[in-house]
Amino acid sequence: MEFNYLKLHRSGSIWTIELNRPEVFNALNPGLSHEIREVAEAAQISDLVRVLVITGSGKAFCSGADLKAGVTDPDLGNVLRATYNPMILALRGLNKPVIGAINGVAAGAGCSLALACDYLIAKEGAYFSELFIQIGLAMDAGSTAFLMQSVGYHKAFELASTGNRVSAVEAKEIGFVAEVISEDTWQGRVDALAKEFSERPTLAIGLMKQALQKAQNQDLANVLESEAKGQSIAGRSADFSEGVMSFMQKRAPKFTGK
Amino acid sequence: MEFNYLKLHRSGSIWTIELNRPEVFNALNPGLSHEIREVAEAAQISDLVRVLVITGSGKAFCSGADLKAGVTDPDLGNVLRATYNPMILALRGLNKPVIGAINGVAAGAGCSLALACDYLIAKEGAYFSELFIQIGLAMDAGSTAFLMQSVGYHKAFELASTGNRVSAVEAKEIGFVAEVISEDTWQGRVDALAKEFSERPTLAIGLMKQALQKAQNQDLANVLESEAKGQSIAGRSADFSEGVMSFMQKRAPKFTGK
Amino acid sequence: MEFNYLKLHRSGSIWTIELNRPEVFNALNPGLSHEIREVAEAAQISDLVRVLVITGSGKAFCSGADLKAGVTDPDLGNVLRATYNPMILALRGLNKPVIGAINGVAAGAGCSLALACDYLIAKEGAYFSELFIQIGLAMDAGSTAFLMQSVGYHKAFELASTGNRVSAVEAKEIGFVAEVISEDTWQGRVDALAKEFSERPTLAIGLMKQALQKAQNQDLANVLESEAKGQSIAGRSADFSEGVMSFMQKRAPKFTGK
């Protein structure tokens, strides 16, 4: 795979996407969206990959749509169907954990991209803004779904209708950021976190990721059945055997994601 | 339009409903419910209106059902179908922002009416109470949906089963109130807030309001498609042209809601 | 009813399940799951019962699946369908309030059992952990649904993928615990709380419990109709008559749950 708009770093079972358009604060153009999707789809079918990390090059995480790139179709809905929507579906459909390492501003579709990640770690000074409203647009790239799932209607409406900045600390308080890290210790913690995830039973994590998403619009009986289907698979995994054995032997487990 | 139970203040593109039964703490009778619905429906079809504000006259926001008004039907379900339910559907169906200016107690169906608003600003000293339980009833007028959407099952069950008061400050902490304002600065901030909303791209806000509500019970693929449909409309709006142009020209945008 | 793995305490209209396998921190075996379900189903049809309390014997609330009990079927999905799923459906389907008196660790399926309760009170020092991941499994016994309903996707993913401990205090902050109580005052508060619930209009509470759950995956119009159906029933109850009468007479109501 060769890329024009991102760098893909591979280290053991960890793949890291570095959005690489620092001169425009990593704004999304159709090419970059397509490349993110390509990486997510390659990660899905590769036995080697256990964790995907997304971060930005330079000061920003992602400033959203590249307004200067021009639009290919006057119907923005069609643009979304061709660019962001497949990217977002590939990330949330990826049956492996996706860590958002939010190194700076995540705005507009860049905020959506951040929220599409499963586990968010943010640098002090990073912030989130649904700034679509500032150019007269509605939210896209999934923020509608992700805010409803994580912060609920009233907070979602507030963020959407004002475009107000949410600091890393506030994002942790309202629940979509798991860790806020100082500039000094940032890279060390991102690396350690990715390593921690890569040593977990990532098959089971992938199953939980799917089940949690399905639970958004299903009743309890259906969610319990989703859990049962997932546990049939997890219960036959090498990771479960290892998990039980290591528990009995009182030693640390060695999970392979299989 | 003439009203018996509310005052309708019109100021530019801002309409303000003032519940006007201060002698009974603005309790809801069928007439008041009907009048609120009438205003919401008129706001929906008027090109002039961009923001609807709801507040109460006197010390209370709304004390809920007027128990002394008597019931017209022994089947309370039928009463709801004829009164609150159309009012609530009109408010949440209104494709314009609805600001709840919660000036005092919001109890029972008055709490539901507050939660039906999209953006809540509350006066210090105001409080919320799902006090249905105190007279042996279940929640109505939409609180069931609104609490699930904003605070989740366990907090919703707690508030519903105890009727405990939620102060303005706690309401902000748990996420359904956006701003808590002191008595001194209350009216100034309410006016400024309404003006701010009236100068935003209210067409896009209306589209996001619809999409957020649909996201409650849809999967990600469907929400992304909702966003695309909305963005087709927003992308053809005068507000989007103005938003992009003002961004390029580094000046403040002038949105018209069209 | 006779039980091998729990004690059932009956005091007036309050039934208390005490998980009674303190030697294994009240781990769940198929027999215990079955007995919990049996009690929930008996409580459902008994006119006498108005509140169900679940707590643990000894230091733990419930440590989850009893790994040493062995599995009866290599397909863990089938095990869930036969054991936990009917237990969880019986608890959430019970049209009476279920208080979780979380006296100590609630881990794995024990965490799910805690979250299946409607109103959680936790002892200082108690904690919650979705530790399925530590043995290579996905969440089961309903945690997938309960976390999505109470803390949203990102927090749910964090708890599920790390197994991190959530202290009683943090659980209150993120919303699924209503009260944190010190060791000293624990039993007194649990008893008082159960008594408070047993004197509330439990019929209306049961109706709200059902409606809140349905609201998880329904649109507003349907939730309003659920509320109307519930209020038809509540509006004909003795508790509603008593509630209105006591309100008019300015005295404390005496509810019977009928």
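This one's a predicted model, so the numbers in the text were calculated from it and none came from an experiment.

What to know about the overall build of chain A
- Of regular secondary structure, chain A possesses 11 helices and 9 strands.
- Over its C-alpha atoms chain A spans a radius of gyration of 19 Å, differing by no more than 12% from the 18 Å that the globule rule assigns to 258 residues.
- Projected onto the principal axes, the alpha-carbon positions of chain A cover approximately 60 × 40 × 35 Å.
- Within the span of chain A, comprising 258 residues, buried residues form 60% of the whole.
- Sequence-distant contacts, at least 24 apart, represent 70% of the contacts inside chain A between residues at least 6 apart.

Thoughts on the relation of the copies chain C and chain B
- Mapping chain C onto chain B calls for a rotation angle of 120° and an axial translation of 0.0 Å; the resulting RMSD is 0.0 Å. Interpreted geometrically, this transformation is the action of a three-fold axis. Residue Asn217(C) of chain C places its C-alpha closer to the rotation axis than any other residue of that unit, at 2.7 Å.
- A different interface surface on each copy is seen, since only 7% of the contact residues of chain C are contact residues in chain B too.

Side note on the interface of chain B and chain A
- Each side of the interface is counted separately: chain B has 45 residues, and chain A has 35 residues.
- Here the residues of the side of chain B that touches chain A are counted per class, giving 24 nonpolar, 13 polar and 8 charged.

Here we look at the interface of chain C and chain B
- With 45 residues of chain C in contact, the opposing surface of chain B contributes 35 residues.
- For the side of chain C that touches chain B, the secondary structure elements donating two or more residues are strand 6 (119-123), helix 5 (143-150), helix 9 (202-215), helix 10 (220-234) and helix 11 (238-248) of chain C.
- With 12 residues, helix 10 of chain C is the largest single contributor of residues to the side of chain C that touches chain B.
- For the side of chain C that touches chain B, a count of residues per class yields 24 nonpolar, 13 polar and 8 charged.

Quick look at the domain arrangement of chain A
Residue and element names in this part refer to chain A.
- When the domains of chain A are assigned, the result is domain 1 (6-198) and domain 2 (202-248).
- Distance from the C-alpha centre of domain 1 to the C-alpha centre of domain 2: 26 Å.
- Listed by partner, the interface residues are 8 residues for domain 1 and 7 residues for domain 2.
- Of the residues belonging to the side of domain 1 that touches domain 2, the class tally is 2 nonpolar, 2 polar and 4 charged.

Section: the nonpolar core
- Judged by nonpolar contacts, the single largest core of 282 residues is most densely connected at Leu52(A), Leu52(B) and Leu52(C).
- Ignoring any residue separated from it by four or fewer positions in sequence, one finds Leu52(C) in contact with Trp15(C), Ile17(C), Ala40(C), Ala43(C), Leu94(C), Lys96(C) and Val98(C).

Regarding unusual backbone geometry
- Not every positive phi belongs to a glycine, and Phe25(B) is a case in point at roughly 55°.
- Under the C-beta neighbour-count criterion, Phe25(B) is labelled buried, with 21 such atoms within 10 Å.

Points about the packing of helix 9 of chain C against helix 10 of chain C
Residues and elements named next belong to chain C.
- Packing of helix 9 against helix 10 leaves a shortest axis separation of 10 Å and a crossing angle of 170°. Regarding the angle of helix 9 to helix 10, the classification is roughly antiparallel. Here helix 9 runs over helix 10; the crossing is right-handed. Residue-level inspection shows Leu203, Ala204, Leu207, Ala211, Lys214 and Ala215 of helix 9 in contact with helix 10, the latter providing Val223, Ser226, Glu227, Gly230, Ile233 and Ala234.
- Partitioned by chemical class, the residues of the contact of helix 9 with helix 10 number 8 nonpolar, 2 polar and 2 charged.

Quick notes on the pairing of strand 1 (residues 6-11) of chain A
Residue and element names in this part refer to chain A.
- Examined bridge by bridge, strand 1 and strand 2 (residues 14-19) share 6 bridges and lie antiparallel to one another. Within the sheet, the bridge partner assigned to Leu8 lies in strand 2 and is Ile17.
- As consecutive antiparallel partners, strand 1 and strand 2 are separated by 2 residues, and within that stretch Gly12 has a phi angle of approximately 60°, a positive value.

Rules used in this analysis
- Residues numbered from 1 in each chain as written.
- Chains lettered and ligands numbered in written order.
- Predicted model: local features only at pLDDT ≥ 70, side-chain atom pairs only at ≥ 80, totals over all residues.
- Helix = DSSP H or I, 4+ residues; strand = E, 2+ residues; numbered from the N terminus.
- Rg over C-alpha atoms; globule rule 2.2 N^0.38 Å.
- Buried ≥ 20, exposed ≤ 12 C-beta atoms within 10 Å, placed from the backbone.
- Contact = placed C-beta atoms within 7 Å.
- Least-squares fit on C-alpha atoms with pLDDT ≥ 70 in both.
- Nonpolar A, V, L, I, M, F, W, Y, C, P; charged D, E, K, R; others polar.
- Domains from an automatic or database assignment.
- Core = buried A, V, L, I, M, F, W, Y, C linked by C-beta atoms within 7 Å.
- Axes fitted to C-alpha atoms, helices over the stretch in contact; angles between N-to-C directions.
- Parallel < 35°, antiparallel > 145°, perpendicular 65-115°, else oblique.
- Left-handed = near helix turned anticlockwise from the far one by under 90°.
- Pairing = 2+ DSSP bridges.

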